[in-house]
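Here are the chains, one letter per residue:
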Amino acid sequence: MQDSFFFPVPNSTFAPTVDGLFYLILGISAFFFIAIMGLMVFFMIKYRRIDGVEPESSPGHNTALELTWSIIPVLIVIGIFGWGFTGYVDMRSPPDDAYEINVTASTWAWDFRYSTGAPSKELHIPVNTPVKLIMQSQDVLHSLFVPAFRVKQDVVPGRYSGLWFQAKEPGSFDLFCAEYCGKQHSDMITKVIVHNTDPANTNLNDNPNFETWLADASDPIKDNEPLYESGKRITEILACTQCHTADGSKKVGPSFKGTFGTQQKLSNGKMITVDENYIRQSILDPTSQIRDGFKTPMPSFKGRIKDEWIDAVIAYFKHLKKE
Amino acid sequence: MSDNHDEHGFAHVMSPQILLSVFGALIVLTILTVFLAGKDLVPRELDGHVSQKQVEIVVSLTIATIKGSLVVLFFMHMINEKPLNILLFVFSLFFVALFLGFALTDTGQYDSRIQSYELDIIEQSATP
Amino acid sequence: MASAVEPHEKQDCGHDDWHHEPFSAHHFDNAEQQFDAGKLGIWLFLITEVLFFSGLFCVYAVYRVSHPEVFEYASQYLNKYLGGLNTLVLIFSSLTMAWAVRCAQLGQRKGLITMLSITLFCAALFLGVKTFEYTEKAHKRLLWAGASVDAKDIGKAENSQVFRLGDPNDPKNFKDPNKFEERMMKSLVTIQNYGILSLLIPAVLIGIGYQRNSRPWRTTGYAGLISIFAILIGIFISIELHNMQHGGGGHGEQASAEHDGEHASGSHEGSDHDSHDEGKAHSEGEAHAASDTDSADHGHADENAAPRNANIFFSIYYFMTGLHGFHIIAGMVAITWLLVRAVESHFRPDYFGPVDYVGLYWHIVDLIWIFLFPLLYLIGS
Amino acid sequence: MATTAMPAQQESDSNSQSNYLTCSKGFKSWAFTLDHKRIGIMYLVATMSSMFLGGALALILRAEHWTPGATLPLAKIQQALASLIPSFTAVTTEALTDHDVYNQLFTLHGAIMVFLFIIPSIPAALGNFVLPIMLGAKDVAFPRMNLGSFYLWIIGFLFLITAILTTGLDTGWTFYTPYSTNTTQTSVIAATMGAFILGFSSIFTGLNFIVTIHTMRPPGMTWFRMPLFLWSLYATAIIQVLATPVLGITLLLLAAERAFGLGIFDPKLGGDPVLFQHFFWFYSHPAVYIMILPAMGIISELMSTFSRKPIFGYRFIAFSSMAIALLGFLVWGHHMFTSGQSELVTIIFSALTFSVSIPSAIKVFNWLATMYKGSISLATPMCYALSFMFLFTIGGLTGLFLGALATDIHLHDTYFIVAHFHYVMMGGTLVAFIGGLFYWWPKMTGYMYNEFWGQISALIVFVAFNLTFFPQFVMGSRGMPRRYYNYLPEFQTYHVLSTIGAFMLGFGLALAAGVLITSLFTKRKAPANPWGSATLEWQCSSPPPLANFNETPTVGDPYDMQSVVWDPETESFVNRKPEQQDE
């Protein structure tokens, strides 16, 4: 699979239809465009104005010709419509056995939730399996757009929107919000991770199979490991690492490392101690205590994260302090 | 209607008889529509096929349309109006129909999705 | 909203407001061409009005189809007799306006002035009745969706915090449901008092008119006098009608609900009878937050409770009737302008365009009401 | 008719110096003028100023996209600018981030260009000036309403400027709910009221044009002797009158929604945001044809005049204008293919959408056929007309990708759309507008501009335009969503190309403006008919007298190029064998 001049990597069952139709229209358009422009340039040169030479007379209209160039485009566009129509009907008819994932869009983050209860900030899907998204919005209009899959659907508050696709190859692909949703619209991007379904591939570091990932995401707290390891895993599942680093460097948000137990200044000028309570509140109600120097508000995780997960994350903070 | 045309040819004068009879008809229709509101108008043979509300909508809007037509035709002199102005007015109603038609078709189609979402919300709030 | 008057006014006076000879402007060949141009112009303007209102009819149709239960429930709160009265008033004003056009065409100056005055009077009467209706609804908390009113509470007076115009009573009286009638009447009396006070404005205009010996000032003053007077009469008639239906007050609008078995004692009466649990009363903020979540399950359980999103009906009601009322006011300004010119003898059998144009506008306002009335007041009552 | 004396008459007119510009002087003579020509000139100045304002915003936007993250310190620039206007700094209490400023910039660019420039530009500026003269009338039917509509434009402009100067506007020019009603902190109400008033300005212009064309035609000016520019203005006016009121009610509902919480469009109160989109696009799609139809009319004039050929298929072009106007009302749903609109309606709208492409295609073919066997002059207006052919054809053909459902799902709300509508709106309307401006400039001002630099400006605009917007097609289909402040680094090449093009384009447009403005100072007198056009406006002197025609003009075939010949003596085209035309 390669990307082409006009398209990113095609990675869904829809891509051949969309790309094929695109190139068909491109061919027809190019033909007409070159014909029209060729004639225009030819006329510009052939019939350029020469002083003293009056134009030859030619008929002011020719009904047969005019009807011809009216009817031929009609036939062409009927064909284009037909192809676009069938492709669209496929896109809007999910198979009954599609794997369902619930999507909640809010400013400016995507939330994916699986039947096991596993939450995720990135969309993880199995390869070669029809996947159906049941989408809702908490505030304004959003639009889920995966260029590699050639799909897009607005997420409208007050109703469910549906979208389905079937990925062809494992890998990681961009997922955008395509409907303007306010300040950080352009940051409302995440990844679609297409997992293989090969049970042999369970290596967590190298795109594990979907079942492994799902089990992990559903229950990230493992009994046989220190709690901070689970906390680290949770920060990865919830994509905290998109904005927060674990090495002390500043990204969109402050780093996990080197903060726990310190005194920090808030944007309202108050000083606080970064302790268990502060971390907990920052996860559940992030806008209440924003640290000085960080403008971008974090989305709230209230209702999306279990208490024991927060404990694990706090353990991770403490662990980083020790390192 | 003897004074239908004055010397300038562009004034169409409505006779008092016409004005008063149109007015009378409008009054009668208004009283009729208020009287009929809320009455059970479903004919016995159609009982169970159409609801009372549907019949009520049809009856009320038919009376309103008749009243509206009377106003347009006589009070607004459309009966004597230039064909162009009549055409324009009728034409605009066509665009209103277009607007309403498409909007209704669409919202009718996706309404079930909104309803099901609202039901879920209600269930969620009922079981906290 | 102020801009809506201005365009309309421009339409009416854009090309005819000559202070000198009221004949053809320089760029027209003759009076007939000018008349035809004006006629086509006003018809085009009416078309824009039709499309303007079509948006509201579209909103109505969409919500009527998707929420029929809301309309059936909420329209019982509109008084169809007051609506019917207003319909008759507008139809009568349409007749007098059509007659005014006839008078202008035949050059009958006195008839024209009389007919225009009656039309103006009817228009203001209509507004008076509407004033009563709005006041009553505001007191019953029958407000639009975002007005911080819980859907469950519409039609119940005990939480009413709005329209306290001039009410000297202690705010805690608002908690007493039996005071509803009394408080509404107080508001109306206040409006009436201010109305009587505002008669001073036209009186001043008339005074200036006599002092300067200026007929336009005087005519405007008299037109204002007629308007305010008619508004007061409108409110008075409505109160009488309201009291008649309620047998002296204290009871809900049985008249409008009596033929509907399901709603035989609609919950709005609850304001008067029901021993309503005070603990259930929501504070403003809570009510708003709760309105989109927990009202509908009550809807299934309780026959009398409002269906979910019942306030959407009142959003549509206020917007539609409000915009229509605004057109009435614009029409009254235009009629006053015609009156001034009629008194000045501007119109003749070969120059009556402005009367015709304003007449057409007035009829379209009537026409819109003819459709609003059954849609809002009758269907589902 | 006294056409024998026409050339001589004009000569004496232009010598006597009494034209609409010189007949009266002073601010009041302009502010209260009822003359359609002066109102047209005022509209021209006003809309062109808006265009340069909107264009400046576009250049800032493009400069910001030079690198994927933050390129310009937008928030600091905004604060610096705000501090220049002391009275308004108090209002903008909350410091804006770069994101906010970017969002405001693209919103204002869109709103200014759509409501203040493109919609009024051709009808209200050029149309106002040209329509009555082309028709052979003394003025439009309602001159006071005409002036009123100009002042409504000014009031609407002030509202929008107030919105900009107080808290700005960041909803996108489409005002989609519920963002515009519930979320944004910016002055939505001031902006919607501004657009509402501008809508009425547009309605009155349209209403005036319809009435003028119906009732003010002089004897001999039959419907099929009307120049095609008038047909296109007529079709445009119909859309203005029928569609704009719906925008009016939509904006009123929106303002009421925001001010009082009406709930019609708010899902939290039981409303439906998709319904808002239906309302909005019922106007805003036909509005696209308000923008492009007059441009097509101008191109019909230019193609015929500069090929010295009668327009090919006059009736087909005239009827296709009307067809576009009517079909334009049937296709608004194609802006909503991914919006949550139902599948059934989506499919119907897709099918209807393709129907609009046919009349547009017919026009292009007819223009091409007009050039066939002509005598083609590459004067500045024609250079712009030929660029229009190129750019509009691309814009139209890329519409096919967007009308087809399967491809539109992928391309919707990406830069492909941005490129598509800029090819139509800017490559189409703006280029035709400038072409028309160069064409009628001698008539408006009485002065000729520098032909060479005019042609150079056309060339620069053409090249720069393609450089700006062609890369946007590619990045759009590669998945770059529109209205993005940040973007992924893989799109940077395209953005850089586009930005370079945009600055060249800005330079080209400034050059074109410079060429025109310079002509006011070089004062090279324009003849009555410099191009050899046969339409009526060229029969009066340049600039025209106050009443347009001192003599009743000869109404003939507007595209009978044989009726005018070059007269070396007056350096103008004059009517040939006038005595034979007097039939």
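Note that this is a predicted model, so its numbers are computed, not measured.

Glancing now at the overall build of chain B. For chain B, the count of helices and strands is three helices and zero strands. Across chain B, helices and strands are ordered from the amino to the carboxyl terminus as α-α-α. Here chain B holds 128 residues, and the buried ones make up 44% of them. Restricting to contacts in chain B with at least 6 residues of sequence separation, those with at least 24 account for 51%. Carbon together with sulfur atoms contributes 67% to the accessible area of chain B, which is approximately 6,600 Å² in total.

Of regular secondary structure, chain D possesses 19 helices and four strands. In terms of overall dimensions, chain D is globule-like: its C-alpha atoms have a radius of gyration of 24 Å, near the 25 Å expected for 583 residues. By principal-axis analysis of the C-alpha atoms, chain D measures approximately 75 × 50 × 45 Å. Counting the 583 residues in chain D, one finds 72% classified as buried. Expressed as a percentage of contacts within chain D between residues at least 6 apart in sequence, the contacts between residues at least 24 apart total 81%. If you sum the accessible surface of chain D, you get close to 16,400 Å²; carbon and sulfur atoms cover 68% of it. Computing the positive centroid from 26 side-chain charges and the negative centroid from 28, chain D places the two 4 Å apart.

Taken together, the contact between chain A and chain D spans 81 residues of the former and 88 residues of the latter. Summing both sides of the interface, chain A and chain D together bury roughly 7,400 Å²; the carbon and sulfur share of this comes to 68%. Of all residues in chain A, the largest losses of buried area upon contact with chain D belong to Arg49, Tyr88 and Tyr180 of chain A, amounting jointly to 11% of the total for that side. The interface formed by chain A and chain D includes three salt bridges. With a closest N to O distance of 2.9 Å, Asp272 of chain D and Arg159 of chain A form a salt bridge. Counting the contacts that link chain A with chain D gives 26 residue pairs in polar contact (both at pLDDT 80 or more). If you list the elements that add at least two residues to the side of chain A that touches chain D, you get α1 (15-46), α2 (63-91), β7 (151-155) and β9 (171-177) of chain A. At 16 residues, α2 of chain A tops the list of elements feeding residues into the side of chain A that touches chain D. In the side of chain A that touches chain D, the residues fall into 48 nonpolar, 16 polar and 17 charged.

Tallying the contact residues gives six residues for chain B and five residues for chain A. In total, about 580 Å² of surface goes out of reach between chain B and chain A, with carbon and sulfur atoms giving 52% of it. On the chain B side of the contact with chain A, Arg113, Ile114 and Tyr117 of chain B bury the most area, a combined 73% of that side's loss. Summed over the shared surface of chain B and chain A, the result is zero salt bridges. Summed over the shared surface of chain B and chain A, the result is two residue pairs in polar contact (both at pLDDT 80 or more). Of the residues in the side of chain B that touches chain A, the class split is three nonpolar, one polar and two charged.

The subject of this paragraph is the sheet that holds strand β10 (residues 190-195) of chain A. Sheet strands associate in pairs through backbone hydrogen bonding, adopting either a parallel or an antiparallel arrangement. Residues and elements named next belong to chain A. Across the sheet, five strands lie side by side as β4-β10-β9-β6-β7; this open sheet has mixed pairing. The sheet is open, and its two borders are formed by β4 (123-126) and β7, each paired with just one other strand. Neighbour-to-neighbour, the strand axes of this sheet turn through a mean angle of 25°, independent of strand direction. Taken together, the four bridges between β4 and β10 define a ladder with parallel strand orientation. Among the inter-strand pairings, Ile125 is bridged to a residue of β10, identified as Val194. Taken strand by strand, helix α3 (residues 210-218) contacts β4 and β10, and its axis lies near 140° from that of β4.

Now for the environment of Pro442 of chain D. Residue and element names in this part refer to chain D. Relative to the assigned elements, Pro442 resides in helix α16 (residues 415-445). Between the C-alpha atoms of Pro442 and Arg524, which are 82 residues apart in sequence, the distance is 9.6 Å. Not counting residues up to four positions away in its chain, the partners in contact with Pro442 are Tyr447, Met448, Tyr449, Ala526, Pro530, Trp531 and Ser542.

Under the defined criterion, the tally for this structure stands at 19 salt bridges over all chains. One salt bridge connects Lys39 of chain C with Asp356 of chain C, and the closest N-O pair in it is separated by 3.1 Å. Separated by 317 residues along the polypeptide, Lys39 of chain C in helix α2 (residues 31-66) and Asp356 of chain C in helix α13 (residues 353-378) bring together distant segments of the chain. On the basis of relative accessibility, which here comes to 4%, the residue Asp356 of chain C falls in the buried class. Each of Asp216, Glu225 and Arg233 of chain A takes part in a single network of salt bridges with overlapping partners.

Let us now look at the packing of helix α6 (residues 98-135) of chain D against helix α7 (residues 143-165) of chain D. Residues and elements named next belong to chain D. Interaxial distance between α6 and α7 falls to 12 Å at its minimum, and their mutual angle equals 165°. Between α6 and α7, the crossing angle belongs to the class labelled roughly antiparallel. The way α6 lies across α7 gives a crossing that is left-handed. Where α6 approaches α7, its residues Leu108, Ile112, Phe115, Leu116, Pro120 and Asn128 are matched on the opposing element by Asn146, Trp153, Phe157, Leu160 and Ile164. Here the residues of the contact of α6 with α7 are counted per class, giving nine nonpolar, two polar and no charged.

Residues and elements named next belong to chain B. Per-chain confidence: chain B averages 83 in pLDDT, with 90% of residues scoring 70 or above. In the model of chain B, helix α3 (residues 83-126) stands out as the element of lowest mean pLDDT, 87, in contrast to helix α1 (residues 16-36), which has the highest, 93. Ignoring residues within four places in sequence, the model shows residues 1-8, a span with pLDDT below 50, making 15 contacts including any to other chains.

All names here are of chain A. Taken together, five strands build an open sheet; the order of strands is β3-β2-β1-β5-β8 and the sheet is mixed. The open sheet has two edge strands with one neighbour each: β3 (119-120) and β8 (161-166). Relative to β8, strand β5 (residues 130-137) runs antiparallel, the two being bridged by six bridges. Residue pairing across strands places Met135 opposite Ser161, the latter belonging to β8.

This paragraph deals with a negative patch on the surface. Together, Asp219, Asp223, Glu308 and Asp311 of chain A make up a region of like negative charge exposed at the surface. Along the chain, Asp311 of chain A falls in helix α6 (residues 307-322).

This part is about helix α13 (residues 343-371) of chain D. Residue and element names in this part refer to chain D. A rise of 1.5 Å per residue sets the reference length of α13, with its 29 residues, at 42 Å; its end C-alpha atoms lie 44 Å apart and thus fit the reference within 8%. Where burial is concerned, most of α13 is hidden: 22 out of the 29 residues are buried. Lys373 occupies a position one or two residues after α13 and carries a positive phi of about 60°.

A word on the confidence of the model for chain D. Mean pLDDT over chain D: 89, with 94% of residues reaching 70 or higher. Note on residues 1-16 of chain D: pLDDT is under 50 here. Beyond four places in sequence and across chains, it has 23 contacts.

So, how was this worked out
Residues numbered from 1 in each chain as written. Chains lettered and ligands numbered in written order. Predicted model: local features only at pLDDT ≥ 70, side-chain atom pairs only at ≥ 80, totals over all residues. Heavy atoms only, no water. Helix = DSSP H or I, 4+ residues; strand = E, 2+ residues; numbered from the N terminus. Buried < 20%, exposed > 50% of the residue type's maximum accessible area, 1.4 Å probe, protein only. Contact = heavy atoms within 4.5 Å. Areas by Shrake-Rupley, 256 points an atom, 1.4 Å probe, with all protein chains shown as cover. Rg over C-alpha atoms; globule rule 2.2 N^0.38 Å. Lys, Arg positive; Asp, Glu negative; His and termini not counted. Charge placed at Lys NZ, Arg CZ, Asp CG, Glu CD. Buried area = accessible area lost by both parts, 1.4 Å probe. Salt bridge = Lys/Arg side-chain N within 4 Å of Asp/Glu carboxyl O. Polar contact = N/O pair within 3.5 Å; in protein donor to acceptor, adjacent residues only side chain to side chain. Nonpolar A, V, L, I, M, F, W, Y, C, P; charged D, E, K, R; others polar. Pairing = 2+ DSSP bridges. Axes fitted to C-alpha atoms, helices over the stretch in contact; angles between N-to-C directions. Parallel < 35°, antiparallel > 145°, perpendicular 65-115°, else oblique. Left-handed = near helix turned anticlockwise from the far one by under 90°. pLDDT = per-residue confidence, 0-100. Patch = residues over 30% accessible without salt bridge, like charges linked within 9 Å, V, L, I, M, F, W, Y side chains within 5 Å. Expected span 1.5 Å × (residues − 1).

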